[in-house]
Amino acid sequence: NENDVVIFSAVRSNPDGITGFLGQRQRLCVLLTRARHNLVIVGDSSTLQHDEEWGSWLRDAEKQEFTLDQQTTQRLQRLEEL
């Protein structure tokens, strides 16, 4: 089913880059096609980038400036406190 907004937790995090079931191509395809308007993915890019499909998606998202790194997130949190 499609939804206007999809928020997905991809919080696998490990130094070996093992994504487990998140690395299944079918799961990623389903995820990417379910949001009509907004898609928010929370995850560890240093782990996800080791997977071929996730790595490709992350590179594309970064080119389009659709990603937030830790430094940007911290800067936004400081602005909220003002």
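These lines cover the structure that appears in this document, whether it is placed above or below. From a predicted model like this one, the values you see are computed outputs, not experimental measurements.

Looking only at helices and strands, the chain features four helices and two strands. Taken from the N to the C terminus, the helices and strands of the chain come in the order β-α-β-α-α-α. Buried positions account for 17% of the 82 residues belonging to the chain. Long-range contacts, defined here as pairs at least 24 residues apart, represent 69% of the contacts in the chain between residues at least 6 apart. Only carbon and sulfur atoms are counted for the fraction: they give 47% of the accessible area of the chain, which is about 6,500 Å².

With that settled, the discussion passes to the side chain of T19. Position of T19 relative to the elements: it lies in the loop between β1 (3-10) and α1 (25-32). Once you skip the residues sitting within four places of it in the chain, T19 turns out to touch R12, T47, L48 and D51.

Both β1 and strand β2 (residues 35-43) contribute to a ladder of seven bridges, which runs parallel. Bridge pairing links F8 to I41 in β2. Each parallel crossover has a hand, and the one from β1 via α1 to β2 is right-handed.

In this section: the packing of α1 against helix α3 (residues 52-63). One can describe the packing of α1 onto α3 by two numbers: an axis separation of 9 Å at closest approach and a directional angle of 30°. Here α1 contributes R25, L28, L31 and L32 to the contact with α3, which in turn contributes E53, W54 and W57. Grouping the amino acids of the contact of α1 with α3 by side-chain chemistry returns five nonpolar, no polar and two charged.

This next bit is on the nonpolar core. Across soluble globular proteins, nonpolar side chains have a tendency to be buried as a group. By size, the foremost hydrophobic cluster in this structure holds eight residues: V6, A10, L22, L28, L31, L48, W54 and L58. Only β1, α1 and α3 provide two or more residues apiece to this core. Other than its neighbours up to four places away in sequence, L48 contacts A10, T19, L22, G43, W54, G55 and L58.

Our next topic: a nonpolar patch on the surface. A cluster of nonpolar side chains, V5, I7, V11, V40 and V42, forms an exposed patch at the surface whose accessible area comes to about 450 Å². Counting only elements with at least two residues in the nonpolar patch, the list comes to β1 and β2. Following the sequence through the fold, V11 ends up in the loop between β1 and α1. We classify V11 as exposed; its relative accessible area is 55%.

Calculation notes
- Residues numbered from 1 in each chain as written.
- Predicted model: local features only at pLDDT ≥ 70, side-chain atom pairs only at ≥ 80, totals over all residues.
- Heavy atoms only, no water.
- Helix = DSSP H or I, 4+ residues; strand = E, 2+ residues; numbered from the N terminus.
- Buried < 20%, exposed > 50% of the residue type's maximum accessible area, 1.4 Å probe, protein only.
- Contact = heavy atoms within 4.5 Å.
- Areas by Shrake-Rupley, 256 points an atom, 1.4 Å probe, with all protein chains shown as cover.
- Pairing = 2+ DSSP bridges.
- Right-handed = clockwise from strand over helix to strand, strands pointing away.
- Axes fitted to C-alpha atoms, helices over the stretch in contact; angles between N-to-C directions.
- Nonpolar A, V, L, I, M, F, W, Y, C, P; charged D, E, K, R; others polar.
- Core = buried A, V, L, I, M, F, W, Y, C linked by side-chain atoms within 4.5 Å.
- Patch = residues over 30% accessible without salt bridge, like charges linked within 9 Å, V, L, I, M, F, W, Y side chains within 5 Å.
- Salt bridge = Lys/Arg side-chain N within 4 Å of Asp/Glu carboxyl O.

That's the geometry; what it means functionally is another story.
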